[in-house]
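Listed below are the residues making up each chain.
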Amino acid sequence: MIEITGTLQRQAWMDKRLPPVERLDGGLWSVPVVFPNNPMRYTLSYVMVDGGDCLVIDPGFDSDEGYAQLAAALERIGPGISGVTGVFATHYHTDHLGMARRLADAAGTWVAVGRRDRDVLRGYGEPAEALEADLLQYRSWGVPEEQLAEVLLPRLAFERIREEAAVDRVLDGGEELPVGSRILRTEATPGHTPGHLMLWDDAARLVLSGDHILPRITPNVSLVPHEHPDPLRSYLTSLERTAEAEDHEVLPAHEYRFKGIGRRARALRAHSMERLDEVLAALAAQTDPTVYTVAGRIGWSRGWDSLGGFQLRIALSETAAHIQYLATSGLHSGVPGLPAVPDEPGVPGVPVTAASGFRTSAAE
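Keep in mind it's a predicted model, so treat the numbers as computed, not measured. (Residues numbered from 1 in each chain as written. Predicted model: local features only at pLDDT ≥ 70, side-chain atom pairs only at ≥ 80, totals over all residues. Heavy atoms only, no water.)

In this section: the nonpolar core. Inside soluble globular proteins, nonpolar side chains tend to come together where they are buried. In this structure, Trp141, Trp304, Leu316 and Ile323 are the most contacted members of the largest nonpolar core, which totals 46 residues. Secondary-structure elements contributing two or more residues to this core are α6 (127-140), α7 (145-151), β11 (197-201), α9 (231-239), α10 (261-284), α11 (291-295) and α12 (309-328). Looking at this core element by element, the count peaks at nine residues for α10. Here Ile323 is in contact with Val279, Leu283, Val291, Val294, Gly334, Val335 and Leu338, once residues within four sequence places are set aside. One finds Tyr67, Ile77, Tyr92 and Val167 within the second-largest nonpolar core, a separate group that totals 34 residues. (Core = buried A, V, L, I, M, F, W, Y, C linked by side-chain atoms within 4.5 Å. Buried < 20%, exposed > 50% of the residue type's maximum accessible area, 1.4 Å probe, protein only. Helix = DSSP H or I, 4+ residues; strand = E, 2+ residues; numbered from the N terminus. Contact = heavy atoms within 4.5 Å.)

Spatially, the seven strands line up as an open sheet ordered β2-β3-β4-β5-β6-β7-β8, and their pairing is mixed. The strands lining the two open edges of the sheet, one partner per strand, are β2 (22-23) and β8 (169-171). Summarising the sheet, strand β7 (residues 111-114) and β8 pair through three bridges and their orientation is parallel. Looking at β8, one finds that Val113 is bridged to Val170. (Pairing = 2+ DSSP bridges.)

Within the fold, Ser329 resides in the segment after α12. From its side chain, Ser329 meets the backbone oxygen of Tyr325 in a polar contact 2.8 Å long. (Polar contact = N/O pair within 3.5 Å; in protein donor to acceptor, adjacent residues only side chain to side chain.)

It is worth spelling out the sheet that holds strand β14 (residues 258-259) at this point. Sheet architecture is open: seven strands sit in the order β1-β14-β13-β12-β11-β10-β9, paired in mixed fashion. Strands at the two margins of the open sheet, each flanked by one partner only, are β1 (3-4) and β9 (176-179). Across four bridges, the pairing between strand β12 (residues 206-210) and strand β13 (residues 249-252) is parallel. Along β13, the bridge assignment pairs Gly210 with Pro252.

Attention now moves to the pattern of salt bridges. One pass over the structure, following the stated rule, counts 21 salt bridges. Of the charged contacts, one joins Arg101 and Asp168 as a salt bridge, the two residues approaching to 3.1 Å between their closest N and O atoms. Of this pair, Arg101 sits in helix α4 (residues 100-107) while Asp168 sits in the loop between α8 (155-164) and β8, placing them 67 residues apart in sequence. Taking the relative accessible area as the measure of exposure, Asp168 reaches 45% and is therefore partly exposed. Across the pair Arg216 and Glu255 runs a salt bridge, and its minimum N-O distance is 3.1 Å. (Salt bridge = Lys/Arg side-chain N within 4 Å of Asp/Glu carboxyl O.)

Turning to the confidence of the model for the protein, a few remarks are in order. Per-residue pLDDT for the protein has a mean of 90; in total, 93% of the residues score no lower than 70. The low-confidence segment residues 345-364, where pLDDT is below 50, has 39 contacts with residues more than four positions distant or belonging to other chains. (pLDDT = per-residue confidence, 0-100.)

To continue, consider the packing of helix α2 (residues 64-77) against α4. Between α2 and α4, whose axes approach to 11 Å, the crossing angle comes to 45°. Compared by their axis directions, α2 and α4 come out oblique. Pair α2 / α4 crosses with right-handed handedness. Judged by residue contacts, Asp64, Tyr67, Leu70 and Leu74 of α2 engage Arg102, Leu103 and Ala106 from α4. (Axes fitted to C-alpha atoms, helices over the stretch in contact; angles between N-to-C directions. Parallel < 35°, antiparallel > 145°, perpendicular 65-115°, else oblique. Left-handed = near helix turned anticlockwise from the far one by under 90°.)

Pasting the structure below:
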């Protein structure tokens, strides 16, 4: 359904190795930055150079190895670290924003991220408090006591969150971001995170999609404390904004470049509808369902029994997001541990009082 344009990237992904640094059209470079001990393996960072400006987009996870990779690529491209004039993260996740502060401080420049993501990072408070809230959340979702330790984030993760909150610029979507003579347009695409932003280079027919749209993987949409109370609804709404951009080449932060963003968006929406049917059936089959028991009844690509640690955590929070969508659509009463959805016009996707476009496959 899509046209693969990043053939070297795709081959590297299939071979489970780092792709090469690539020069793309118009002074744009693709630079892989390692993501240690994670199935995603690396982030595709992008470097845009025009005139005296150099913008680094999604610099990746903060590690010495990754920093050395990015530094070497910047030297090859020309400006080096000292020539970086801005650092932009499509969203706050550590494999995107993680190295931003380190890079910006070395270059003496700014870090920009979406306002809602900045607010999420600031909302975590002290690490000890965040750890306790994390424990209570997953316990309320029915995680057995003997499995709680493996799904909880370590203290170091919450300490990093506090460090990553130190950004210099916040964007809401709709702004123009100049890089030399080029103009990048920001677009708010909440869902994967509340403040996720895509960058459009309309003149070059390019879109840097972050994690909002990937060519093969379905981006994770999780229900997370301090974030949007109905993230799947936000994500599906954001997908609708891409339908008319089929001629743009998509530069995602993982996997490989492609064309066909509208077709891919429709496929991702269809997948979400199928998963909602599956979750609804799992809820109906149980007398007192919890997030944990529902997650154990739905299909996972690697199998439920194989999930552990962070992957189990993600599966649970994704299941919670789907249950929340069904509850806010009036199709289920919900389960313990779900947040109330405020009647707040300023929150994307809220309020909801009916199915809001969702139909089970049976209804269709």
